[in-house]
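Overview (structure and organization)
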Amino acid sequence: MVLVIRRIFVLRMNKMLQDNFKNFFSSNFKLGILGGGQLGKMLLYETRKFDIYTKVLEASNEAPCRIASDEFVQGNLMNFEDVYNFGKQVDVLTIEIENVNIEALIKLEEEGVSVYPPTKALRTIQNKATQKLFYTDNDIPTADFLRFAFASEIKDSINNKNLTFPFVWKAAQFGYDGQGVKVIRSFSDLEGLPAGECIAEKMIPFKNELAVIVVRNVSGEVVTYPVVEMEFHPEANQVEYVICPARIDASIAERAKEVALKVSDKIGHVGILAVEMFQTADNEILVNEVAPRPHNSGHYSIEASYTNQFEQHIRAILNLPLGKTDSKVAGIMVNLVGAEGYKGEVVYENMKEIMSMEGVTPHIYGKKHTRPFRKMGHVTIVNKNIDVARKIAQKVKETIKVISK
């Protein structure tokens, strides 16, 4: 019965899009984007390519999207009125960040605005505790965890032998780019944690951290990108390298895709869904967390894929045919983050040197001020040989410096 209702809903939404927006291109159609950061900026590359009119809501008047969108509105993404009033002025509304006012989106959805990802999916994903419970309820493999209303409860759980060191603490909401995540090895590591809702997750001995991007359009057409491998900075808990294809056995890659597709089906998203996973020492695949938007793990696709993730997201939410996800060449992404010890007006040192390397393309996000570990850009390296690409990526990482004046 639930599947029948979902199918009827999809068909109605599909018909509405076709009836109301026969022409997205060079027309009066308006696409709204909540969030004006680098992901939004890269989405706008694609809307400009197709001449799709865009309107962006973001708090900062220095946001990367400010100069690239057709309309830019300053507002608080967590404020009901700001989000609701913005959403009433667009035809389709999407996000580039999960931290948005869900109640405003629900009301907009009820009033006929097409919101992608759907609010039901976004509500599940916004809160990491809710997200983890969703995995266990739907028999999706994930690391064991405990949920706490307050971080102060963690000490009692350790004292009562319900939780043992080491474990991973995660804030239930508002974490990003390594913020809101910490490895806890002793009681002293608990000092200074935010007081609110959180989870404590079992430390997983893993071989690899993997990710699969799943794309679903309004009609239910689904495609996946190749499995990628991620290498993380040990201190900042940020991705340093994304490697495509992942250097894993084909059977492991197939299993990772199967798990990602199951998550996608159960969560009912529309658009991009990035599913981050662990490959354990025993070759089990465990879901870590998901993101319902273009994702760092898919940036390589701008240069390496037939259809990059940002164009694919636009295709999906407008119910257009999905593009080919295969890679043309091997691709590696290197994150450009602010160097430790530097804060202020940004300077990119040795840009000329990396641009002289084969297959290297830098992407600068347009943030005028740097600070330690702030994401300021990324560099893509493409090559027919993944091992060669990885060596060039290492050289890029060692050469370019994101410092301040």
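Reference entry: report on the structure contained in this document. Sequence order sets the numbering: in each chain, residues are counted from 1 along the sequence as written. Only residues with pLDDT of 70 or above have their local features reported here, since the model is predicted, and side-chain atom pairs are shown and tallied only from 80 upward, although totals for entire chains, interfaces and linings are computed over all residues. To get the side-chain values, take all heavy atoms of the structure and skip hydrogens and water.

Glancing now at the overall build of the protein chain. Of the regular secondary structure elements, the protein chain holds 12 helices and 21 strands. Rg of the C-alpha trace for the protein chain: 21 Å, near the compact-globule value of 22 Å for 405 residues, within the 12% margin. Overall size of the protein chain, expressed as C-alpha extent along the three principal axes, is 60 × 55 × 45 Å. Buried means the residue's accessible area, taken with a 1.4 Å probe over protein chains only, is under 20% of the maximum for its type, while exposed means over 50%, and partly exposed covers the values in between. Looking at the 405 residues of the protein chain, the share that counts as buried comes to 55%. Secondary structure follows DSSP: runs of H or I at least 4 residues long count as helices, runs of E at least 2 residues long count as strands, and numbering of each begins at the N terminus. Restricting the calculation to C-alpha atoms gives the radius of gyration, and the globule rule supplies 2.2 Å times the number of residues raised to the power 0.38.

Here we come to the side chain of Thr94. Note on placement: Thr94 falls in strand β4 (residues 92-95). What qualifies as a polar contact is a pair of N or O atoms within 3.5 Å, subject to a donor-acceptor requirement within protein and to the restriction that residues adjacent in sequence count only when both atoms come from side chains. Of note is the side chain of Thr94, whose polar atom sits 2.8 Å from the backbone oxygen of Tyr116. If sequence neighbours within four positions are ignored, Thr94 has contacts with Leu31, Gly32, Ile33, Leu34, Tyr116, His313 and Ile317. What makes two residues a contact is simply this: any of their non-hydrogen atoms within 4.5 Å.

Two descriptors summarise a pair of aromatic rings, namely the distance from one centre to the other and the angle between the planes of the rings. Ring pairs shown here join Phe, Tyr and Trp side chains whose ring centres sit within 6.5 Å, with only the six-membered ring taken for Trp; geometry is labelled stacked below 30 degrees between planes, edge-to-face above 60, and tilted in between. Across all of its chains, the model carries eight aromatic pairs by this definition. Seen in terms of ring centroids, Phe24 and Phe29 are 4.9 Å apart; in terms of plane orientation they differ by 85 degrees. Their pairing is edge-to-face. A residue is classified by how much of its surface remains accessible, and Phe24, at 6% relative accessible area, is buried. On the basis of relative accessibility, which here comes to 4%, the residue Phe29 falls in the buried class. Taking 6.0 Å as the distance between ring centres and 65 degrees as the angle between the ring planes, the aromatic pair formed by Phe25 and Phe50 counts as edge-to-face. Separated by 25 residues along the polypeptide, Phe25 in the loop between α1 (2-20) and β1 (30-34) and Phe50 in helix α2 (residues 38-50) bring together distant segments of the chain. On the basis of relative accessible area, Phe25 is assigned to the partly exposed category, the value being 32%. Judged by relative accessible area, Phe50 falls into the partly exposed class, the value being 25%.

A separate point is the sheet that holds strand β19 (residues 369-370). For sheets, the rule is that strands pair by backbone hydrogen bonds, running either parallel or antiparallel. Pairing between two strands is assigned when DSSP locates at least 2 bridges connecting them. Here three strands make up an open sheet; going across it, the order is β19-β17-β21 and the pairing antiparallel. What marks the edges here is a single partner per strand, and that holds for β19 and β21 (401-404).

As a further point, take helix α6 (residues 128-137). Among the residues making up α6, those that are buried are Lys128, Ala129, Gln131, Lys132, Phe134 and Tyr135. Along its buried surface, α6 packs onto α5 (119-126), β6 (145-148), β7 (167-171), β9 (198-202), α8 (250-267) and β15 (285-291). Among the residues of α6, the N-terminal cap falls to Asn127, whose side-chain oxygen and the backbone nitrogen of Ala129 are separated by 2.8 Å.

Let us now look at empty space enclosed by the protein. Using a grid of 1 Å spacing that covers the protein atoms alone, one calls a set of points a cavity when a 1.4 Å probe fits there but cannot get out, and a pocket when the set is open and has protein on both sides within 12 Å along at least five of seven lines; lining residues are those with an atom within 4 Å of a point. Grid points are joined across faces, edges and corners, and a volume is the space filled by probe spheres set on the points. Applying the stated criterion to the full structure yields one cavity of 30 Å³ or more. The space that makes up the largest cavity amounts to roughly 30 Å³. Among the elements that take part in the lining of the largest cavity, strand β10 (residues 206-216) stands out by supplying three residues, more than any other. Classes in brief: Ala, Val, Leu, Ile, Met, Phe, Trp, Tyr, Cys and Pro nonpolar; Asp, Glu, Lys and Arg charged; the others, Gly included, polar. When grouped by side-chain class, the residues that make up the lining of the largest cavity number seven nonpolar, two polar and no charged.

In spatial order, the strands read β6-β9-β7-β8; together these four strands make up an open sheet with antiparallel pairing. A strand with exactly one partner marks an edge of an open sheet, and here the two such strands are β6 and β8 (181-184). Averaged over neighbouring strand pairs, the angle between their axes works out to 20 degrees when direction is ignored. Relative to β9, β7 runs antiparallel, the two being bridged by five bridges. By the bridge assignment, Trp169 is partnered in β9 with Ala200. Against the sheet, α6 engages β6, β7 and β9, with an angle of about 140 degrees to β6. Structural elements are reduced to axes, namely lines fitted to C-alpha atoms, with helices fitted over the stretch in contact, and the angle between N-to-C directions of any two is expressed from 0 to 180 degrees.

Geometry of a packed helix pair, given as the angle between the helix axes and the separation of the axes. Remark: helix α3 (residues 80-87) packs on helix α4 (residues 102-110), axes separated minimally by 8 Å, with the N-to-C direction vectors making an angle of 30 degrees. The orientation of α3 relative to α4 falls into the category roughly parallel. In this structure, α3 meets α4 at a crossing whose hand is right-handed. Where α3 approaches α4, its residues Phe80, Val83, Tyr84 and Gly87 are matched on the opposing element by Glu103, Ala104, Leu105, Lys107 and Leu108. Taken together, the residues of the contact of α3 with α4 sort by class into six nonpolar, one polar and two charged. To sort the angles, those under 35 degrees are grouped as roughly parallel, those over 145 as roughly antiparallel, those from 65 to 115 as roughly perpendicular, and the leftovers as oblique. Left-handed describes a crossing whose near helix is turned anticlockwise from the far helix through less than a right angle; right-handed describes the clockwise counterpart.

This brings us to the packing of α5 against α6. Interhelical geometry of α5 versus α6 gives an angle of 105 degrees and a closest axis separation of 5 Å. In this view, α5 runs roughly perpendicular relative to α6, as classed from their interaxial angle. Only Lys128, Thr130, Gln131 and Phe134 of α6 make contact with α5, whose side of the interface consists of Arg123, Thr124, Ile125 and Gln126. For the contact of α5 with α6, the class distribution of residues is two nonpolar, four polar and two charged.

All we've got here are geometric facts, nothing functional implied.
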